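Listed below are the residues making up each chain.
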Amino acid sequence: MKKILLTSMLLSPALVFANSATQLEGSFKVGPAIILICILVLFVLVGIVFRAKDTADFYAAGRGISRVGSGMAIASNWMSAASFLGMAALMYGYGYHGLAYVIGWTGGYVLLLILMAGQIRKYGKYTAADFIGDRYYSQSLRVVGAIVAIFISIAYCVGQFGGIGLMFKWILGIDYAWAVIIGGSVVLTYTLISGMLGVTKNMQIQYIIIIISFLIPLFILTYKFDYFWILPQIGYGALVSDIVTGIPVPEIQNMVNSFGHDFAISPSPEYAMPWDPASGQTFFQFMAIAFSLMIGTAGLPHVIQRFYVVPKSSDARWSVVWGLFFICLLYWSSPVYSAMGEILSTNKEVGKLAKDAIVVYTAQLGNVNPLIVGLLAAGGVSAAFSTVSGLLVAGASAFSHDIYVKVLRPESTPKQQLAMARYGTVLMAIIVSLIALLDLALIGQLVAIAFSLAGCTIFPLFLLGIWWSGSNRAGAKAGLIVGGTVSLIALVYFIAAKQGIMLPAHEFISYWLGAWYFAWIGAPLAIIFNIIVSKMTKETPIEIKKFLVEQVHS
């Protein structure tokens, strides 16, 4: 009873301004705006203090980042808008099926830890395309690898810019298009100043902001609605059980959302049922998404590039371990927002909320203090910023280091290289902003496209390039062509459908080569063709085989 009275006291003043606190769109919010501006100023100041002074700083942070610091940066870089906002959105929209994204994204880092982290650092290159060009002794593969890395970075960035746009729109009460443009301009500014060194330092700060802003509302929400608040992730089990079995209208009418609706829900067993027909998803799609995201993680250029910022290969492996620990703090918590949002938005007057903003909307509907909700929204911006900055640097590195320096102008000075990296960053940001304005899909789904593309193209080249010395230039080209063809088919059908154009065999292709998971077949085919063609053509040069044995696997 004491707890109920305390809950009532906490809720009562909030109900007075319920309407203003739950204006989900279109209103300027002073407190959250101040928090956001302070955080953005902090990011820019850190970028200035740790700005890139040369190409080593811009590409690889001078290779002086500690294990824990690199782990925090990996977690921050990884916990993008797709993790902070998109994961809860997917589980809110698809229930159990959304867990495929959690499994895939987390499992991918385990795959990286076991197969690649130490070996990538031992190989000693700056970028993914640099590794591909050197390992497969081909300038043309270097250029293609750089172009693929740029496409992947752009695809990944689109979802992040969408998340930035949503949060800026919510906080500032401005149009989505202007929110994307303003948010993108800020992240572009400090990325240009910082390079990888300043970006990595910022990522460590961003991780702290992300995790604190994400966890505090969970403790408040689970306490208010009588779940195990000491560890909300455990209380989540009871929350899901209540969704499945239903919650009757309570006898004490103070357990309400910010609109005054009773904390009640009709039984919704499909929310927690594996591959329930009501979700419109199948067992195949669940497994294909998990697999594609897993191998895609191990092929993302901006993730691979993180292993170059530490001094030694052992540091690279430990940074992944620390990164997994920091990532799991958020991944373990994200489902709570989706389940709590499911109950709080069950009343017909609220209706289904915009999925990509469910984290913020859940906190609002739970009557969490507006300033804490503002911090939560700022955390979403931090999550998007941390990933965008890493992606922009990875894409710019591919353009400047792998195409301009290694192919077009090898005699260029470091100053010219840095200038080209910055020009590439600006160009990428403009392209990403234009695509983000189209609002093509959910944040998590847009990001999944980048994963499948990486899984079909870069992952096979790294996997075989590191672990099989027999993989040669001809095999790499064959695998890249096959993986690229599968990717192209899937993306053409996806884009055409979005434009209202139904191509032949649309239903068949859309199901078996869905935009979120086409790597389930593209990656194995790329690996198989790489092996077959390598066996049929001239062997890998002996000096490369020797380097792999003595340096990479020593």
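Residues numbered from 1 in each chain as written. Predicted model: local features only at pLDDT ≥ 70, side-chain atom pairs only at ≥ 80, totals over all residues. Heavy atoms only, no water.

## Let's talk about the packing of aromatic side chains
Overall, the coordinates contain 21 aromatic pairs when judged by the stated rule. Centre to centre, the rings of Tyr123 and Phe547 are 5.0 Å apart; their planes meet at 80 degrees, and the pair counts as edge-to-face. Within this pair, whereas Tyr123 is found in helix 8 (residues 117-123), its partner Phe547 is found in helix 24 (residues 542-552), the two being separated by 424 residues in sequence. Look at Tyr123 and you get buried, because its relative accessible area is 6%. Chaining the aromatic ring pairs together yields one cluster made of Phe284, Tyr511, Trp512, Tyr517 and Trp520. The ring centre of Tyr136 lies 4.9 Å from the NZ or CZ of Arg135, which sits over that ring. (Phe/Tyr/Trp six-rings, centres within 6.5 Å; stacked < 30°, edge-to-face > 60°. Helix = DSSP H or I, 4+ residues; strand = E, 2+ residues; numbered from the N terminus. Buried < 20%, exposed > 50% of the residue type's maximum accessible area, 1.4 Å probe, protein only. Lys NZ or Arg CZ within 6 Å of the ring centre and 35° of its normal.)

## Focus on the nonpolar core
Ranked by internal contacts, the top residues of the largest apolar core, which has 159 residues, are Trp78, Trp105 and Phe462. Looking at which element gives the most residues to this core, the answer is helix 10 (residues 139-172), with 18 residues. Setting aside residues up to four positions removed in sequence, Trp105 forms contacts with Trp78, Ala82, Met87, Leu293, Thr297, Tyr331, Gly444, Val447 and Phe451. (Core = buried A, V, L, I, M, F, W, Y, C linked by side-chain atoms within 4.5 Å. Contact = heavy atoms within 4.5 Å.)

## Some remarks on helix 10
The terminal C-alpha atoms of helix 10 lie 47 Å apart, and with 34 residues this matches the ideal 50 Å at 1.5 Å per residue to within 8%. Burial within helix 10 is extensive, with 26 of its 34 residues counted as buried. Looking at the residues trailing helix 10, positive phi occurs at Gly173, about 65 degrees. (Expected span 1.5 Å × (residues − 1).)

## Overview of the environment of Arg121
Summarising the element assignment, Arg121 is placed in helix 8. In sequence terms Arg121 and Ile304 are 183 residues apart; their C-alpha atoms lie 9.1 Å from each other.

## Examining the pattern of salt bridges
On inspection of all chains with the given rule, the structure shows three salt bridges. Residues Asp130 and Arg142 are paired through a salt bridge, measuring 2.6 Å at the closest nitrogen-oxygen approach. Remark: Arg142 occurs in helix 10 and Asp130 occurs in helix 9 (residues 128-135); sequence separation between them is twelve residues. No difference in accessibility class separates Asp130 from Arg142, as the two residues are buried. Of the charged contacts, one joins Lys545 and Glu539 as a salt bridge, the two residues approaching to 3.2 Å between their closest N and O atoms. Judged by relative accessible area, Glu539 falls into the exposed class, the value being 59%. (Salt bridge = Lys/Arg side-chain N within 4 Å of Asp/Glu carboxyl O.)

## Section: the packing of helix 9 against helix 20 (residues 443-467)
Contact pair helix 9 / helix 20: the axes reach a minimum separation of 11 Å and the direction vectors enclose 50 degrees. It follows from the interaxial angle that helix 9 and helix 20 lie oblique. The two elements helix 9 and helix 20 cross, and the hand of that crossing is left-handed. Two secondary-structure elements touch here, helix 9 through Ala128, Phe131, Ile132 and Arg135 and helix 20 through Leu461, Phe462, Leu464, Gly465 and Ile466. (Axes fitted to C-alpha atoms, helices over the stretch in contact; angles between N-to-C directions. Parallel < 35°, antiparallel > 145°, perpendicular 65-115°, else oblique. Left-handed = near helix turned anticlockwise from the far one by under 90°.)

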